[in-house]
Amino acid sequence: MTTMEPLNFLLSNGTEPPNCRDPSQTPHLEWYNVAIASSLIIVNGAVSLAFGLGLEATLVISTLRCVIQLTLMGYVLKPGHDVEGIAQNCRTFARAVLLILLAAIEVVFNKAKHRHQWMFMTVLTGMLGSTVVASYVGNAFAIQAHPWYQARTYIPTLGMLLGNSIGLNSAMTQLLERREHLELYFAFGASRWEAARPVCVEAIKLALLPTLNQMSIMGLISIPGMMTGQILGGAKIDDAVRYQIIIMFMITASCSIATVIAVLSAVWVMIDGKTRLRVDLVTKNKGGVGQWAWDGIKDTIKKRKEGRGEEEGRPLLNGR
């Protein structure tokens, strides 16, 4: 079997290599199967009610988001996978940009407790750069997909890379908590990097530890989801193992690059050229992206009302 045969099997419609399970044996799942599995969520709700955790609303919202988002993802991935040409490539890159944009919004407005003025653009840049580098090296050279941006391999791989959060929350929190220490360093003539280096080191370390811990227990204690899915789909176990290893290396590299870019950008924005900690550029996330959008609408309405009040008051002043 050549290098590309496992990939062609995983991406084909019913082509079966030797020593693989008959695809017809894979169970066809309907929505009533999902409904049966959803009864397991009742366990979480019962625990929340029994201990007074107050997570009932969060549990319902998370469950609905999971179902809706994965269903929409299926519709995004389904059309045009077997079509080649410029139109298909444009659709693939459009889907990739949409996924990266949604991931940046999730990190900045939902996961991070604090955000600085340019945080969205820096996170978007970090995610874009890290995923492009990791996905290109992984798909083009390790998996040897041709072309490397083939929709069936590139979009799922990109989704797994974006699923790992970056350590912005830690960097922002430590910059705020160590404000007195930073100002003391600045008073003794420390440069921006000399004062912020411990914060950067700790933030990057905290961001990489979850991925490294996941790699250390993978295959010994837990079986990864991607490997499980390939085995259930009928792929050879050896091929599924190698694909999982490649994906984990891609995830680790992507997480490292994105974290470094985001953390250094946060330090650069919050500490200006005069070695001052710009706390005034930091805002606290209160209710996620929905609350941010609602606050923006209220601010716009308020400014318009103030502008109308000034315009109505001008004739009275001119009359006087």
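In this text, all values refer to a predicted model and were calculated from it rather than measured experimentally.

**Looking at the nonpolar core**
Thinking step 1. Membership of the largest hydrophobic core comes to 18 residues, with the highest contact counts inside it found for Leu175, Leu182, Val267, Met270 and Ile271.
Thinking step 2. Among the secondary structure elements, those contributing two or more residues to this core are α8 (168–177), α9 (179–187), α10 (192–217) and α12 (237–270).
Thinking step 3. Considering every element that reaches this core, the biggest residue donor is α10, with 5 residues.
Thinking step 4. Setting aside chain neighbours within four positions, we find Met270 in contact with His116, Met172, Leu175, Leu176, Arg276, Leu277, Arg278 and Val282.
Thinking step 5. Ranked by size, the runner-up nonpolar core spans 17 residues in total, among them Ile100, Val108, Trp148 and Ile155.

**Quick word on the packing of aromatic side chains**
Thinking step 1. Inspection of every chain in the model, using the stated rule, returns 6 aromatic pairs.
Thinking step 2. Taken together, a centroid distance of 5.4 Å and an interplanar angle of 40° make the contact between Phe93 and Tyr149 tilted. Of this pair, Phe93 sits in helix α5 (residues 86–111) while Tyr149 sits in the loop between α6 (119–142) and α7 (151–162); the two residues are 56 residues apart in sequence, bridging distant segments of the chain.
Thinking step 3. Since its relative accessible area comes to 35%, Phe93 is described here as partly exposed.
Thinking step 4. Owing to a relative accessible area of 22%, Tyr149 belongs among the partly exposed residues under this scheme.
Thinking step 5. Taking the centre distance of 6.2 Å and the plane angle of 35° together, the rings of Phe109 and Phe120 count as tilted. Placement of Phe109 in helix α5 and of Phe120 in helix α6 is noted, with a sequence separation of 11 residues between them.
Thinking step 6. Taking the relative accessible area as the measure of exposure, Phe120 reaches 21% and is therefore partly exposed.
Thinking step 7. Aromatic ring contacts, followed pair by pair, group Phe93, Tyr136, Phe141, Trp148, Tyr149 and Tyr154 into a single cluster.
Thinking step 8. A cation sits over an aromatic face here: Arg192 above Trp268, 3.9 Å from the ring centre.

Rules of the game
Residues numbered from 1 in each chain as written. Predicted model: local features only at pLDDT ≥ 70, side-chain atom pairs only at ≥ 80, totals over all residues. Heavy atoms only, no water. Core = buried A, V, L, I, M, F, W, Y, C linked by side-chain atoms within 4.5 Å. Buried < 20%, exposed > 50% of the residue type's maximum accessible area, 1.4 Å probe, protein only. Helix = DSSP H or I, 4+ residues; strand = E, 2+ residues; numbered from the N terminus. Contact = heavy atoms within 4.5 Å. Phe/Tyr/Trp six-rings, centres within 6.5 Å; stacked < 30°, edge-to-face > 60°. Lys NZ or Arg CZ within 6 Å of the ring centre and 35° of its normal.

Any functional reading would require information that these geometric values do not contain.
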